[in-house]
Amino acid sequence: MRRKLAAGNWKMNGTGDSLSELSALAEGHPSASVDILICPPAPLLSRAAAVASGSAVTVGGQDCHAAASGAHTGDISAAMLVDAGAGSVILGHSERRQDHGESDGDVRTKTEAATAAGLIAIVCVGESLDQREDGQTLDVIGAQMEGSVPDGMTADRLVIAYEPIWAIGTGKVPTLEQIGEVHDFMRERLTARFGEATASGVRLLYGGSVKPSNATEIFAVSNVDGALVGGASLKAADFSPIIAALESA
Ligand code: PEP
């Protein structure tokens, strides 16, 4: 049985004041039947971990470097995330792929580093609008999964987030059939590569304009084990109903 996951990605939003939202979220969810994760900007991570301590909310990073340490100005290693209180890290988000030119190979080596450090890796995949309109969606997702996910992964260390690029921050959402088609496909690809026992334990998240108003119907789709949420994770008042929808799914 896969434990569902509501993951929030604050991206480059928030300063110390924003921890009041995390505090409200933590107070609103002293316990939960799903996993709840907030990934704040790196400078907030250790303070966020302290605020969330003792609640059902855990914290994570938004990226890590593939190397353990060294001359990489501005970068953060997986061990540093762990040291700051993170249990998970988002890797290969489309904004990292676009803004920083991250390739599938880069995401793969980061995923290896993250899992070796004991983190859960949330590996993001997703097609552009052009790719969807050209009928390439499943080919793109399959290739990204093949290239970004390392061999030998175990279900407890891997989460995959399907995030169509054209749905992120736009208010546009794929149809429920389109989400289901991709999620079923991802489960099949994992089964073919890692075997049934591992594949059936990997959580598959949908991400892209998830809101309180559409969460329930998205969470009812086959093989959707939760969501990776951007904008609607910034305020506890928006994220809490999404968590509640997942708990009821
Ligand atoms: C994201 O950035 O991962 C995301 C899904 O953003 P939003 O929910 O704002 O579309």
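Here the structure is a predicted model, which is why all the values come from computation and not from measurement.

What counts as what
Residues numbered from 1 in each chain as written. Predicted model: local features only at pLDDT ≥ 70, side-chain atom pairs only at ≥ 80, totals over all residues. Heavy atoms only, no water. Helix = DSSP H or I, 4+ residues; strand = E, 2+ residues; numbered from the N terminus. Rg over C-alpha atoms; globule rule 2.2 N^0.38 Å. Buried < 20%, exposed > 50% of the residue type's maximum accessible area, 1.4 Å probe, protein only. Polar contact = N/O pair within 3.5 Å; in protein donor to acceptor, adjacent residues only side chain to side chain. Near = heavy atom within 4 Å. Nonpolar A, V, L, I, M, F, W, Y, C, P; charged D, E, K, R; others polar. Pairing = 2+ DSSP bridges. Axes fitted to C-alpha atoms, helices over the stretch in contact; angles between N-to-C directions. Contact = heavy atoms within 4.5 Å. Core = buried A, V, L, I, M, F, W, Y, C linked by side-chain atoms within 4.5 Å. Parallel < 35°, antiparallel > 145°, perpendicular 65-115°, else oblique. Salt bridge = Lys/Arg side-chain N within 4 Å of Asp/Glu carboxyl O.

**With respect to the overall build of the chain**
Counting secondary structure elements, the chain contains eleven helices and eight strands. Taking 2.2 N^0.38 as the reference for a compact globule, 249 residues should give roughly 18 Å; the C-alpha atoms of the chain span a radius of gyration of 17 Å, in line with that estimate. For the chain, the spread of C-alpha atoms along the principal axes amounts to about 45 × 45 × 35 Å. Out of the 249 residues belonging to the chain, those deemed buried represent 50%.

**Here's the deal with the side chain of Arg203**
Relative to the helices and strands, Arg203 is located in strand E7 (residues 203-207). Of the polar contacts made by the side chain of Arg203, one reaches the side chain of Asp35; its length is 2.8 Å.

**A closer look at the site of the ligand**
Within the structure, the ligand sits among 14 residues, and Lys11, Glu163, Gly169, Ser209 and Gly230 are positioned closest to it. Here His93 contributes a side-chain N or O atom positioned 2.8 Å from an oxygen atom of the ligand. Between an oxygen atom of the ligand and a main-chain N or O atom of Gly231, the distance comes to 2.9 Å. Taken together, the residues of the shell around the ligand sort by class into four nonpolar, eight polar and two charged.

**Considerations on the sheet that holds E7**
Reading around the circumference, E1-E2-E3-E4-E5-E6-E7-E8 is the order of the eight strands in this closed barrel, with parallel pairing throughout. Within this sheet the neighbouring strands show an average axis-to-axis angle of 25°, counted without direction. When strand E1 (residues 5-9) meets strand E2 (residues 35-39), the two strands line up parallel, connected through five bridges. Directly across from Ala7, in E2, lies its bridge partner Leu37. In the packing of helix H5 (residues 104-116) onto the sheet, the strands contacted are strand E4 (88-91) and strand E5 (120-125), and the crossing angle to E4 comes to about 180°.

**What to know about the environment of Ser213**
Relative to the elements of secondary structure, Ser213 occurs in helix H10 (residues 212-219). On a C-alpha basis, the gap between Ser213 and Asp83 in space is 36 Å, while along the polypeptide they are 130 residues apart.

**Some thoughts on the nonpolar core**
Ranked by internal contacts, the top residues of the largest apolar core, which has 64 residues, are Ile160, Met186, Leu190, Phe219 and Phe239. When residues no more than four places from it in sequence are discounted, the contact partners of Phe219 are Val224, Gly226, Ala227, Ile242, Ala245, Leu246 and Ala249. Grouped together as the second largest cluster of nonpolar side chains are twelve residues, Cys39, Ile122, Cys124 and Val159 included.

**Structural notes on the packing of H5 against helix H7 (residues 137-148)**
Packing of H5 against H7 brings their axes to within 7 Å, and their N-to-C directions diverge by 45°. As summarised for this structure, H5 and H7 are arranged oblique, according to the angle between their axes. Across from Asp104, Gly105, Val107, Arg108 and Thr111 in H5, the residues of H7 making contact are Ala143, Gln144, Glu146, Gly147 and Ser148. A breakdown of the residues in the contact of H5 with H7 according to their chemical character gives two nonpolar, five polar and three charged.

**Some points on the pattern of salt bridges**
With the rule as written, the count across this model stands at 14 salt bridges. As a salt-bridge pair, Asp225 and Arg2 come within 3.0 Å of each other at their nearest N and O atoms. Residue Asp225 is found in the loop between H10 and strand E8 (226-229), and its partner Arg2 is found in the segment before E1; the two are separated by 223 residues along the sequence. Overall, Asp225 belongs to the buried group, its relative accessible area being 5%. The shortest N-O distance in the salt bridge between Lys110 and Asp63 comes to 2.8 Å.

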